[in-house]
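# Summary of structural features
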Amino acid sequence: MPSYPDAIEYSEKYEDDNFEYRHVILTRAVARRMWLQWQSKLLTEEQWRDLGVQQSRGWEHYCIHRREPHILLFRRLRGIDPTTG
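Residues numbered from 1 in each chain as written. Predicted model: local features only at pLDDT ≥ 70, side-chain atom pairs only at ≥ 80, totals over all residues. Heavy atoms only, no water.

## Some words on helix 1 (residues 28-38)
- Buried within helix 1 are the following residues: Val30, Ala31, Met34 and Trp38. Buried residues in helix 1, looked at end-on, bunch into an arc of 100°, giving them a common side. In helix 1, the exposed positions angled more than 90 degrees off the buried face are occupied by Ala29, Arg32 and Leu36.
- Buried residues in helix 1 make contact with helix 2 (45-50) and strand 5 (71-77).
- Just downstream of helix 1, glutamine 39 is the residue with a positive phi angle, here 55°. (Buried < 20%, exposed > 50% of the residue type's maximum accessible area, 1.4 Å probe, protein only. Helix = DSSP H or I, 4+ residues; strand = E, 2+ residues; numbered from the N terminus. Arc of directions from axis to C-beta. Contact = heavy atoms within 4.5 Å.)

Now the structure itself:
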C-alpha cells in the first residue's frame, strides 16, 4: 500500500553527467485526479502544473514507476537556465 503525504513533496535534486533529476510525491487526492484525467501516461508541463506541481522551468516528466504511480520522476539537461527552461 503506497504512503501518501499530506502535501505534495519534492525531493532534493540529484544528477549524473547529462541530467539533473528530482522526484515529486503526490497526495492521494492529487494522484487520484491524475489517474482519472490522464490514466498512466507521461504528463506534459501544462498537465503536471495543473495538478499543482510547482518547480522551475525545463523539467520533463520522463518516467512512470508502475508500482508507485503517485511518484512523478522528472529530469532536465544539466546547465539549463531554470528561469527560461
